[in-house]
Amino acid sequence: MTTLLPHKFGPYGGQFVPETLMPALIELEREFVSARNDPAFNAEFDKLMASFVGRPTPLTYARRLSEKLGGAQIYLKREDLAHTGAHKINNALGQALLVKRMSKKRIVAETGAGQHGVASATVAALLGLECVVYMGSVDIARQEPNVFRMKLLGAEVRPVESGTKTLKDAINEAIRDWVTNVRDTHYLLGSALGPHPYPTIVREFQSVIGREAREQMLMDAGRLPDTVIACVGGGSNAIGVFSGFVKDESVELIGVEAGGSGIISGKHAARFGDATKARVGVIHGTRTYVLQDENGQIAETHSVSAGLDYAAVGPEHAMLRDTERAFYTSATDEEALSAFQTLCHTEGIIPALESSHAVAEVIKRAPTMRKDQVILVNLSGRGDKDLNTVIKELGQNL
Ligand SMILES: *Cc1c(COP(=O)(O)O)cnc(C)c1O
């Protein structure tokens, strides 16, 4: 049988799944390829992206932040203004339309902070699909407003009590459900992770960010950016914006991981940044960089932002890092919280804590650049969901 899409990114990616799932992955790949070549599918996707998601999202020149930092000119790609408050809806909508096309009626999804769960519940309501979201019980307690949002949207939220009761355990449960119910159920994976074809599908649905941003930069700034910066959890918003510029050799691509309490503290999610714990391994169906202990067990991670708090990174980022087409760094909780406040004060924008990691890198880098240089930052989401965390962290000083 012919392979429709590359299964791997250099040595990374692949399909490390139980045999029972192979037919579903093959069907998904076939359906995706046929959908992308079908003008009717693309027209429906584009129409809903405009009328429901609110695309194109704007590009905002950050005048006061640029002046304050005194170096490069800074532009923000405003995924925070997409419906449900982050980029995740782009992928959720695309996959949900594939579900309709496959004549399946039910989706399962995993969620950590709840953002992907909310995006999944939203598109399920829009398209009339049954939706079950698996969420660790620890995360349910931490992210109550998003649990209510999902329920209001008609989804069932199933608490996961195994392991650390967080995201990786929720993914295990979602996969288990999928294996059992694969005939009528689609696993709506939320980041550029998992077995092929997921990392490619998610990149393609998120590539709208990079396509729009490239065009908007040429219109507004009259040139391409020198540097593109995005935060990297699983890597979907970063791969989406990077994909618009990856062929432009002059554009430097920078991904920012969660530095947590600092790399040497061991409490972080810097998969590329920690030389002692970051090794290539297999997790949730894909081969990539995974934080692990000396026995190969998945290491515990920490970040102030739940969306970056995951032990593995998407396989395409692993390849971009090895080939040095992209570079990866990290920002600590403290740096992200400080950047969060800076953006609030200088631009009137409350960013997600995940996105604040990208802003923290801008704050380090822009002053070292010339005034005629340009940075593009992907502002992956808005900060409304993080207010409780921020109040807890900064309460005394507010
Ligand atoms: C989930 C999330 C992220 C991290 O996920 P990626 O797949 O790495 O993009 C980043 N920002 C926001 C606002 C999120 O909700």
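The structure this text deals with has already been given above.
Here the structure is a predicted model, which is why all the values come from computation and not from measurement. Counting restarts for each chain: residues are numbered from 1 in the order of the written sequence. Whole-chain, interface and lining totals are the exception, using all residues; otherwise, since this is a predicted model, local features are given only for residues with pLDDT of at least 70 and side-chain atom pairs are given and counted only at 80 or more. The side-chain quantities take in all heavy atoms of the structure and omit both hydrogens and water.

K.L.:
Help me out: how do you make sense of the nonpolar core in this one?
P.N.:
Nonpolar side chains in soluble globular proteins tend to end up buried together. Buried Ala, Val, Leu, Ile, Met, Phe, Trp, Tyr and Cys residues form a nonpolar core when they are joined through side-chain atoms within 4.5 Å. Burial here depends on accessible area, computed with a 1.4 Å probe over protein chains only, as a share of the maximum for the residue type. Under 20% is buried, over 50% is exposed, and the range in between is partly exposed. Counting residues in each nonpolar core, the largest one holds 92 residues, and the members touching the most others are Leu-98, Phe-242, Phe-245 and Leu-376. Secondary structure is summarised from DSSP: a helix means a run of H or I of at least four residues, a strand means a run of E of at least two, and numbering begins at the N terminus for each. Looking at this core, the element that brings in the most residues is helix H9 (residues 198–220), giving 8 residues. Residues contacting Phe-242, with those up to four places away along its chain left out, are Val-228, Ala-230, Leu-253, Ile-254, Gly-255, His-317, Leu-320, Ala-326 and Tyr-328. Only heavy atoms matter for contacts: two residues are in contact if any of them lie within 4.5 Å across the pair.

K.L.:
Sorry if this is basic, but what is going on with the pattern of salt bridges here?
P.N.:
Working definition: two side chains of opposite charge can pair if their charged atoms are close together. A pairing counts as a salt bridge when a side-chain nitrogen of Lys or Arg comes within 4 Å of a carboxyl oxygen of Asp or Glu. Taken as a whole, this structure holds 25 salt bridges when the rule is applied. Taking the shortest distance from any N to any O, the salt bridge between Asp-372 and Arg-370 comes out at 2.9 Å. Residues Asp-386 and Lys-385 are paired through a salt bridge, measuring 2.9 Å at the closest nitrogen-oxygen approach.

K.L.:
For this particular structure, what's the right way to read the sheet that holds strand E7 (residues 156–160)?
P.N.:
Two strands in a sheet stick together by hydrogen bonds in their backbones, pointing the same way (parallel) or opposite ways (antiparallel). The pairing criterion for strands is at least two bridges between them, as found by DSSP. Spatially, E7-E6-E5-E8 is the arrangement adopted by the 4 strands of the open sheet, whose pairing is parallel. Of all the strands in the sheet, the pair left with one neighbour each is E7 and strand E8 (185–187). When strand polarity is set aside, the average angle formed by the axes of neighbouring strands in this sheet is 25°. Pairing analysis gives 5 bridges linking strand E6 (residues 130–136) to E7, with the strands arranged parallel. Only the stretch in contact is used when a helix axis is fitted, and all axes are lines through C-alpha atoms; the angle between N-to-C directions ranges over 0 to 180 degrees.

K.L.:
Explanation requested: the site of the ligand in the structure shown.
P.N.:
Consider each residue's heavy atoms; a residue with any of them within 4 Å of a molecule or strand counts as near. Taken together, 17 residues surround the ligand, and among them Lys-88, Ser-191, Gly-233, Ser-236 and Ser-380 come closest. Polar contact is defined as a pair of N or O atoms within 3.5 Å, subject to the rule that within protein one atom must be able to donate a hydrogen and the other to accept it, and that residues adjacent in sequence are counted only when both atoms are side-chain atoms. Note that an oxygen atom of the ligand is positioned 2.6 Å from one of the side-chain N or O atoms of Ser-191. At 2.7 Å, a side-chain N or O of Ser-380 approaches a nitrogen atom of the ligand. Residue burial considers only the protein chains on display, and all accessible areas are found by Shrake-Rupley using a 1.4 Å probe. Here the ligand loses 97% of its free accessible area of 380 Å² to cover by the protein chains.

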